[in-house]
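One-letter residues, chain by chain:
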Amino acid sequence: MGEHSVVYGRPALVAALGLYARARASNSGGHGVRLVLDDLGHHETVAWADLVALARATRADWESFAAARAPFRGLDRDDPAVLVKLALGEVAAELGPPASGLELRVTSEIPVGAGFGSSAAVAVAVLSAVLTWAGERAEPDRLERLALAVERRQHGTPSGVDHRTVLAGGLHRYAPGAEPALTPCPAGGLVERLALYHTGRPAESTGEVVAAVRRRRQSDPDAFDELVARMGAGVEALAAEVASDREDAARVTELIRGFERALEGLGVVPAPVRERIRRLEEEGAAAKISGAGALSGSGAGGLLVYLPPETPEPGRALAGLRRLRAPLGVQGAQCEVTA
């Protein structure tokens with residue numbers, strides 16, 4: 001909980017999800033980088049110089065956006081490997097293009113565009129693998145800095161919560177700001193009662209949705225700031241419930257439904273998803289989108305569903321949705337060197 005409001009300085013409650021992105025870096029016999037993305041059926045060889053050029057060009061675009069000189073452009077959504085290439089380019093720009101060739105294999109279990117931090121997980125995996133392959137230390141501070149650069153090119157003004165949670169793992173209260181902080185949050189039985197579903201890939205990228213929310217703020221700053229303040233208070237209240245030894249089902253239901261209403265107020269929950277959530281509520285559950293959401297279409301990415309004790313699992317309201325059966329609060333990023 002904390003989508004969108006975290007971008008405006010409010011806290012978030014975040015958990016690492018037990019679905020993984022993996023990157024394997026090894027020497028190749030040629031020059032440049034041989035990319036193997038079997039999940040996407042994509043294979044190509046790219047020159048190191050081209051990867052550095054991509055990193056520098058997207059950095060210039062982002063800096064123009066950050067200085068309010070140009071609209072946010074984002075990355076090329078038609079190139080399935082663009083995020084991986086950008087992460088490679090950031091490493092090569094920092095270290096200098098390696099003299100030897102690299103083969104990089106990337107796989108991911110995380111649905112793309114579902115609001116589950118897939119881009120952050122891929123970025124951290126690629127950066128960690130390539131830095132280690134190059135004989136460099138993949139230290140958390142370094143990975144955090146490079147991953148933030150990649151996320152900015154992807155999303156515009158990310159809060160940083162995604163890649164920091166990927167690195168740290170666990171369940172945390174996240175406080176954004178000049179010195180963002182993750183504070184471990186004890187997890188009671190409530191967390192085990194949460195279920196994740198996928199409503200479908202959003203029609204818009206996260207960057208486009210975040211930009212639309214920013215425009216909404218500009219149109220009515222006072223109302224927007226009041227809404228965001230309520231969202232922040234809801235996060236704090238839910239964090240207290242998560243840490244509690246006694247589950248107050250009525251309070252948890254109220255908080256999740258309230259945050260979902262706030263997201264709807266921001267315009268990031270399309271009508272088909274809102275209607276499904278209302279049906280879930282009629283059956284006794286509480287639900288909210290998990291992630292940036294969408295401005296249009298029939299999907300909004302992830303859906304977090306809370307079933308109070310003794311509540312039958314909704315059938316009709318969840319029909320046709322894919323359930324993601326993965327634990328919350330798992331260990332964060334790991335790197336292994338093999339012979």
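See above for the structure.
First, a word on scope: everything that follows refers to the structure included in this document. (Residues numbered from 1 in each chain as written. Predicted model: local features only at pLDDT ≥ 70, side-chain atom pairs only at ≥ 80, totals over all residues. Heavy atoms only, no water.)

The next thing to look at is the layout of surface pockets. Estimated volume of the second largest pocket: approximately 200 Å³. As for the second largest pocket, its lining consists of 14 residues, of which V6, V7, T157, P158 and S159 are closest to the centre. Taken together, the residues of the lining of the second largest pocket break down into seven nonpolar, five polar and two charged. (1 Å grid on protein atoms, 1.4 Å probe; cavity = no way out; pocket = protein on both sides within 12 Å on 5 of 7 lines; lining within 4 Å. Points joined across faces, edges and corners; volume = space filled by probe spheres on them. Nonpolar A, V, L, I, M, F, W, Y, C, P; charged D, E, K, R; others polar.)

For the structure on display, the rule yields two cavities of 30 Å³ or more. The volume enclosed by the largest cavity comes to roughly 50 Å³. What lines the largest cavity is T58, D61, W62, F72, R73, G74 and R153. A per-element tally of the lining of the largest cavity places helix α1 (residues 48–66) first, with three residues. Grouping the amino acids of the lining of the largest cavity by side-chain chemistry returns two nonpolar, two polar and three charged. Considered as a void within the structure, the second largest cavity measures approximately 30 Å³ in volume. In this structure, the second largest cavity is lined by L190, L194, L238, V242, V252, I256 and L304. Here the lining of the second largest cavity is composed, by residue class, of seven nonpolar, no polar and no charged. (Helix = DSSP H or I, 4+ residues; strand = E, 2+ residues; numbered from the N terminus.)

Ordered by their spatial adjacency, three strands build an open sheet running β1-β6-β7, and the pairing between neighbours is antiparallel. Both edges of this open sheet fall to β1 (12–15) and β7 (181–184), since each of them pairs with a single strand only. In this sheet, neighbouring strand axes are inclined to one another by 35° on average, regardless of whether the strands run parallel or antiparallel. Those strands touched by helix α7 (residues 221–243) are β1 and β6 (171–175), and its axis lies near 45° from that of β1. (Pairing = 2+ DSSP bridges. Axes fitted to C-alpha atoms, helices over the stretch in contact; angles between N-to-C directions. Contact = heavy atoms within 4.5 Å.)

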